[in-house]
Amino acid sequence: MRQVISEYKNHKDVTILKKKPMILHSPKFSNIFLWLSILVIIFLGSCSIIPGWITPYTPTTMQADQILQAPSFKHLFGTDYFGRDVFSLVVYGSRASLLVGICAVLVSSLVGSALGMIVGYIGGFMDVIFMRIVEIIQTIPSILLALALAAAMGPSFVNLVIAITISAIPGYARVMRGQILSIKNRPFILASRSIGTPSYIIFLKHILPNSYSPLIVMATNGLGTAILTSAGLSFLGLGVIRDIPDWGLLLSQGRNYLTAGWWIATFPGLAIALFVLAVNIIGDSLRDYFDPKKRIE
Amino acid sequence: MGKPLLNVSELTVDFKTKRGLLTAISNISLTIKPSETVCIVGESGSGKSVTSKAIMRLIDDENGVISKGSIQLEDQDLNLLTKRDLNRIRGKKIAMIFQEPSSAFDPVFTIGDQIVETIVKHLKLSKKEAWQRGIELLKKVGLSEPVIRMKQYPNELSGGMLQRAMIAMALSCNPDLLIADEPTTALDVTIQSQIIELLNSLKKEFHMAVLLITHDLGVAAQLADRIVVMYAGTIVEEGKVEKIFSQPHHPYTSGLLQSIPKLDAKKETKLFSIEGTIPSLSNIPSGCRFHPRCPFATEKCRLESPPLKNIDGQQSACWHTSELINHENKFHDELQLGRTQETIPIQQEVTEQEPLFEVRELSKYYPIKHSHKTIKAVDHVSLKIYKGETFGLVGESGSGKSTFGRTLLQLEKPTDGEVLFDGQSLAAFNHRELRQKRREMQVIFQDPYGSLDPKWTIGSIIAEPLKTHLKKQSRKEILAAVKELMVKVGLEPEWIDRHPHEFSGGQRQRIGIARAMAANPSFVLADEAVSALDVSVQAQIINLLKELQQSSGLTYLFIGHNLNVVRHISDRIGVMYLGKIVEIASSEELFENPLHPYTSGLIKSIPSIETIGTHQIDTLKGEIPSPSDPPSGCAFRTRCPFATELCHKEVPTLKEYQTAHFAACHYAEKRKVD
C-alpha cells in the first residue's frame, strides 16, 4: 500500500476524487495559518522596533491608583502590582526577548550544526573526542551552566547570549552529526563518489542540502527555550539589567501574583507561546518548501 | 469440487489519501476451492497485495475501505464481521505469510513464544502442549534442531530459516486458506526453490487452499493450479496454469511471458518488452487500462473497458481475445516476427582479447568488532575482464559479489592484491589521480530510488560527471549534452528540471544509466542494475544497456542474482561463493556444461516457466555459511552432494579444465567426463 500512496503522491496531475479532503491537510487551510503566522511575526517585530507607536502608555509609568486592575478597554492586559500597564510592558519587553532569542538561536544553531556536521563527515578519532566533550557539557544542566557562565562573566547582553548558546550547542551538534552519519551512507553519496566528485563538493552539494531540515525545526523550538532560559536568568538576577523587563522576567515576576492577578503572568506567557508557534509554522513551511517531494505548485 | 472456500465478488477497495479517495482495485471477482492454489501475478502497482490484504481485512489499518463487493469465506461474509469476530478467523481459518520474514517477527520474543501465542489463542491448548506442537511444526517445515530454534530470537536465524518458521506459524492452527504475499521474493534463488518445494509438499499434506501473490511468473508456474493476472487494479486474465502459459488470451500476459529471458534464447536477439510502464492509480487510462501499452489496441479499446469473457474455461478481459484465438498463429507470428526478431548486431569477436581489467589476488577483509576474526568478503580473487565484453558475476547474497565490484573500482580499499586498469595499477594512483580515472569507470546502482539525490533535478544529476570531469565545458554545452543523453536513454528532454521522485523505478534507472554514460566511460559496473525492476521494465533496461554497449564499445561487469538475466546479457560469467570465484566460463558453456556443483545447483534452482509444476527436487540444500567462519577446505563442501575427505582438507584452486573454462573443484575433471 505504501507503494500505492507514494505513487499517488508522486504524481503531479492528480484529480481530486469524490470526497472532500480533511480540512487540516488542505493546502488552503495551512496557507491561512502561514499567513497568520507571518502577520504575528510582523506585528511582534514592529513591537520590538517601534513600541512607542503601538502602546498607549509608557511601560515605566507607575499609576499608584491603578494597581492590579483586571483587563479592560483602558488597560487591555490589565495592570500589575506597581500599576504599570501590562500591554505596554509586553510590547516593550518584546525587544529584549526577541533579540536574546534570535541571537542565541542563530549563534548556537550555526556553531553547533557546523561542528556536528564536520566531525560527522570526517569521523574517526576527531568524532570520538568531540562527542565526549559534547556529552560532558550535556551532563551539566543547561540552566546551571548558563548560570555559572553568567555569574563568572557578569550580567550583560553578550554574556547572556554566550551562556544560552553554549548550553544549546550540544543539542544541535548531536542532531546534525546523526543526520550526516545517516546521509553519508545513502547510495547516492556512493554514486557521487563513484563518479569521482571531490569530497568537499559531495559535502556541500549532496550532504548539506539533505540534512538541514531537522535544524529548522530544532531552531524554531530553540527560540522558545532560549527566551525562557533568559527569563530564568533574569529571574535570578543574572540577566540584563534594564528598566524595562523582558518577557521572561515579566512571566517570572507575575507568577507570584497568580492568585491576585492572573493576567500579569498570562499575557507575557501567551506572547512567548504565540511567537514560538508562529516561528514554528513558518519553519515547517520553509522545510516543506525546500523539500522537492512536498513542493506542490 | 463443489462449493468454493473463498468467494470474492466485485470487490472494490478505495484508499483515503490527503487528496481524496483513490481506487486501488476495482471489481475483482475470484474464487478459491478447497485445497486449490490460486496465484495472483502482476507488476508492482497492479493491486495484487491490496487484494490479499482486503481478504484479511488488513486494509482497514491502512486507510483502506472496501467500498463495494463481498468476501465470502464459506458461509461468512468477512466484510460484515466485527473486529473481534475477525480476530477469531485471522490466524485460524486464514493465515498469512509475508514477504520480509525478518520484519514479520517481533524481535523481542523468541520464535517459540510467537508460535505458542497463536496456538494458545485459537486452539485453546495449554502452553506446554502448544510448545510441543510448535516443535513438531518446525520439524515439519524442515528446520534442523527445532527444540533449540523455539528458544531462539528472530535475529539469530537466517532469512530462509525465518521464512520456514513463518510458514510453521501460519500452519499452526490448520488454516483452510493460506495467503502467501511474495513469500520468496526476499530470498536467494536456492532458498526460494527450497521454500517452493516446502509449500508444494505442505499444501498436499494439510489440504489447504493457497492464495499466492507474486510478481515472478516462474514461481507461479511451480506452485499454482490457477493463475489470475492483474493489471492496474483489475483482473485481465484468469485460467488454468497450463493454459495461461501455453496460450495467453490477453496481450499483457503474453507480453509478460515474453519479457522473461529464456534459457535457449539467442543472445543477440533483443528481449521482448512491453513499452511504457504501469499507470499510476491516480491517472488510469480510459477504456481498457492496458491500451496505451498494447500493440493490438484499437479505437474500441480506447473508449470501452472490456469485461471478463469466458473462452474455453479461460477468462480474459480483452476485446480482441476471440480474434487472437482465431488468428492465434498469426498473432504469435506477429509477435515473433514483428517484435522479437529485432536483433542487436552482435559485436565482432574480440580477436586480440586485450584485458581492460586485470585482477590479481584481490582480497577485502572486514574486521569484526571485539574479535580477532575477519569477514573475508572477497578472498584472493583473480580474473580478467576483456575490452568490449560483458562479464557477469553471480552468486547468492553473502557471496561477496557486490563487495568485489566496489573493491575493483577502489570505492573500498582492498586489503590485499592488485587491480590493473588498462595496464596501470589503480593502487599506485594518488587520491586525485584516482578521482580523475573514475571518469572511465562508472557505476549503475541497484536501488533506483536511493542512488539519486532527492534534492537534485534530473538535469543536474546527469550533469554531475560532466561538471566533475570536463570543467572547460560551458553551461550551454553541458545542457545540450544532458539533453542528448536523455534522448539516448529514452527520457523526454523536457523533464530536465524535474526531481527523481516524480519518476517510476524504470525511469529512475534510466536516469542512473544516463549519469553513468555521461562522461563517456570505457567501463561500467552494473551492480544488480535491474533487480529492483518489474519484468516488463527489466527487459527494456537490458535492451538499453546492450544498445549502449554496441554504440559506445563499452565493457560491462554485470552483477546479478537472476541467472537468466545475467546469462542473457553476459559473454562470460563468473560464479562466486563465499568470497571466492568457483567457476568462470562463457555463458553458454557455463549453462550447458557446469563443472562446479554449486553452479549446477544454482542453475537447477531457477524456477522455470517452461516446466510447469515439475519442480526440481535436487536443488541445493542448506544455506550459505557465515563468511566470518567459512568451512575448512573447499568452502562449498557443507552443501555439496559429492564432498569427500579431500574437500574437507584441501582448498581447491581455480584451474582451466577446458579452453577458457575454469573451475575450483577437486572433482571437476571427473564431472567433465560424466
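Just so you know, these numbers come straight off a predicted model, no measurement behind them.

K.L.:
Honestly, the overall build of chain A in this entry has me stumped. Any pointers?
P.N.:
Along its length, chain A carries 12 helices and 0 strands. Counting from the amino terminus, chain A carries its helices and strands in the arrangement α-α-α-α-α-α-α-α-α-α-α-α. In chain A, buried positions account for 38% of the 297 residues. A separation of at least 24 residues holds for 67% of the contacts in chain A among residues at least 6 apart in sequence.

K.L.:
It is not clear to me how the overall build of chain B should be interpreted in this structure. Could you clarify?
P.N.:
Scanning chain B from N- to C-terminus turns up 25 helices and 24 strands. Relative to the globule expectation of 26 Å for 674 residues, the C-alpha radius of gyration of chain B, 26 Å, shows essentially globular dimensions. When its C-alpha atoms are laid out on the principal axes, chain B stretches across 75 × 65 × 50 Å. Within chain B, contacts between residues separated by at least 24 positions form 68% of all contacts whose residues are at least 6 apart in sequence.

K.L.:
Where do I start with the confidence of the model for chain B in this structure?
P.N.:
Of the residues in chain B, 93% have a pLDDT of 70 or more, and the chain-wide mean is 85. Here residues 336–341 of chain B is modelled with pLDDT under 50, and outside its nearest four sequence neighbours on either side it reaches 6 contacts, counting other chains as well.

K.L.:
Teacher, can you tell me more about the pairing of strand β14 (residues 374–386) of chain B here?
P.N.:
For a regular strand, side chains alternate in direction, first toward one face of the sheet and then toward the other. Bridge count for strand β13 (residues 355–367) of chain B against β14 of chain B is 9 bridges, and the pairing is antiparallel. Its bridge partner being in β14 of chain B, Leu-362 of chain B is matched across the sheet by Val-381 of chain B.

K.L.:
What is the right way to look at the packing of helix α5 (residues 124–139) of chain A against helix α7 (residues 157–184) of chain A in this model?
P.N.:
Helix-helix packing is characterised by the crossing angle of the two axes and by the distance between the axes. Residue and element names in this part refer to chain A. Two numbers describe how α5 lies on α7: the axes approach to 9 Å, and their chain directions differ by 135°. Considering their axes alone, α5 and α7 lie oblique with respect to each other. Both α5 and α7 take part in a crossing whose hand is left-handed. Contact residues: Val-134, Ile-137 and Gln-138 in α5; Pro-170, Ala-173 and Arg-174 in α7.

K.L.:
Sorry, what's going on with the sheet that holds strand β11 (residues 309–311) of chain B here?
P.N.:
Sheet strands associate in pairs through backbone hydrogen bonding, adopting either a parallel or an antiparallel arrangement. All names here are of chain B. The mixed open sheet is built from 8 strands, whose spatial order is β6-β7-β8-β3-β9-β10-β12-β11. Sheet topology places β6 (94–97) and β11 at the edges, where each strand pairs with a single neighbour. Averaged over all adjacent pairs, the angle separating strand axes in this sheet is 20°, with direction ignored. Of the pairings in the sheet, the one linking β11 to strand β12 (residues 314–316) comprises 3 bridges and is antiparallel in character. Note on β12: the bridge partner recorded for Ile-311 is Gln-314.

K.L.:
Is there a simple way to think about the nonpolar core in this case?
P.N.:
Nonpolar side chains tend toward joint burial in soluble globular proteins. One finds Val-90 of chain A together with Cys-39, Leu-177, Ala-220, Ile-462 and Ala-514 of chain B to be the most contacted residues of the largest nonpolar core, which totals 250 residues. Ranked by the residues each element gives to this core, the list is headed by helix α4 (residues 86–122) of chain A, at 13 residues.

K.L.:
Any chance you could explain the confidence of the model for chain A here in plain terms?
P.N.:
Detailed conclusions should not be drawn from predicted coordinates in areas where pLDDT is low. Taken over all residues, the pLDDT of chain A has a mean of 80, while the share at 70 or more is 88%. For residues 1–26 of chain A, every residue scores under 50 in pLDDT, and the model assigns this stretch 46 contacts once sequence neighbours within four places are set aside.

K.L.:
How should I be thinking about helix α17 (residues 458–469) of chain B in this particular structure?
P.N.:
Working note: α-helix, 3.6 residues per turn, so residues spaced by three or four point in the same direction. Counting buried positions over the 12 residues of α17 of chain B gives 9, a clear majority of the element. Along α17 of chain B, the residues that are buried comprise Ile-458, Ile-461, Ile-462, Ala-463, Glu-464, Pro-465, Leu-466, Thr-468 and His-469 of chain B. The elements touched by buried residues of α17 of chain B are α8 (187–195) of chain A together with α18 (475–488) and α19 (505–518) of chain B.

K.L.:
Got a minute to help me understand the sheet that holds β13 of chain B in this structure?
P.N.:
Residues and elements named next belong to chain B. Spatial ordering of the open sheet is given by β14-β13-β16-β17, a layout of 4 strands whose pairing is antiparallel. Of all the strands in the sheet, just β14 and β17 (424–425) have a single pairing partner and so form its edges. Pairing of β13 with strand β16 (residues 416–421), which is carried by 5 bridges, proceeds in the antiparallel orientation. Opposite Phe-357, over in β16, you have Phe-421 as the bridge partner.

K.L.:
Even after reading the chapter, I still don't get unusual backbone geometry, so can you show me in this structure?
P.N.:
Trans is the prevailing form of peptide bonds, just as negative phi is the prevailing case for residues other than glycine. Residue and element names in this part refer to chain B. If you check the backbone angles, Glu-145 has positive phi at about 45° while not being a glycine. As for its position among the elements, Glu-145 is in the loop between α5 (127–140) and α6 (146–150). Located in the positive-phi region is Gln-410, a residue other than glycine, with phi close to 60°. When you line up the elements, Gln-410 lands in the loop between α15 (401–408) and β16.

K.L.:
Sorry if this is basic, but what is going on with the environment of Ile-189 of chain A here?
P.N.:
All names here are of chain A. Tracing the chain through its elements places Ile-189 in helix α8. We classify Ile-189 as buried; it has 20 C-beta atoms within 10 Å. For Ile-189, the contacting residues outside a window of four places in its chain are Ile-183, Lys-184, Ile-202, His-206 and Ile-207.

K.L.:
I would appreciate a short explanation of the pairing of β6 of chain B in the present structure.
P.N.:
Residues and elements named next belong to chain B. Neither face of β6 is exposed, since Ile-94 and Met-96 on one face and Ala-95 and Ile-97 on the opposite face are all buried. Pairing of β6 with strand β7 (residues 177–181), which is carried by 4 bridges, proceeds in the parallel orientation. Its bridge partner being in β7, Ile-94 is matched across the sheet by Leu-177.

K.L.:
How should I be thinking about the environment of Lys-413 of chain B in this particular structure?
P.N.:
By secondary structure assignment, the location of Lys-413 of chain B is in the loop between α15 and β16. Sequence-wise, Lys-413 of chain B and Phe-206 of chain B are 207 residues apart; in three dimensions their C-alpha atoms are separated by 53 Å.

K.L.:
Sorry, what's going on with the environment of Gly-405 of chain B here?
P.N.:
Residue and element names in this part refer to chain B. Tracing the chain through its elements places Gly-405 in helix α15. Judged by the 21 C-beta atoms lying within 10 Å of it, Gly-405 is buried. Note: C-alpha distance between Gly-405 and Ser-632 (227 residues apart in sequence) is 25 Å. Residues in contact with Gly-405, not counting those within four places in the same chain, are Leu-525, Asp-527, Leu-557 and Ile-559.

K.L.:
Quick question: what am I supposed to make of the packing of α7 of chain A against helix α9 (residues 199–211) of chain A here?
P.N.:
Residues and elements named next belong to chain A. Two elements in contact, α7 and α9, have axes whose closest approach is 9 Å; the angle formed by their N-to-C orientations is 125°. The pairing of α7 with α9 is recorded here as oblique in orientation. α9 is crossed by α7, and the crossing has right-handed handedness. Within the contact between the two elements, α7 uses Met-176, Gln-179, Ile-180, Ile-183 and Lys-184 and α9 uses Ile-207, Asn-210 and Ser-211. Here the residues of the contact of α7 with α9 sort into 4 nonpolar, 3 polar and 1 charged.

So, how was this worked out
Residues numbered from 1 in each chain as written. Chains lettered and ligands numbered in written order. Predicted model: local features only at pLDDT ≥ 70, side-chain atom pairs only at ≥ 80, totals over all residues. Helix = DSSP H or I, 4+ residues; strand = E, 2+ residues; numbered from the N terminus. Buried ≥ 20, exposed ≤ 12 C-beta atoms within 10 Å, placed from the backbone. Contact = placed C-beta atoms within 7 Å. Rg over C-alpha atoms; globule rule 2.2 N^0.38 Å. pLDDT = per-residue confidence, 0-100. Pairing = 2+ DSSP bridges. Axes fitted to C-alpha atoms, helices over the stretch in contact; angles between N-to-C directions. Parallel < 35°, antiparallel > 145°, perpendicular 65-115°, else oblique. Left-handed = near helix turned anticlockwise from the far one by under 90°. Core = buried A, V, L, I, M, F, W, Y, C linked by C-beta atoms within 7 Å. Nonpolar A, V, L, I, M, F, W, Y, C, P; charged D, E, K, R; others polar.

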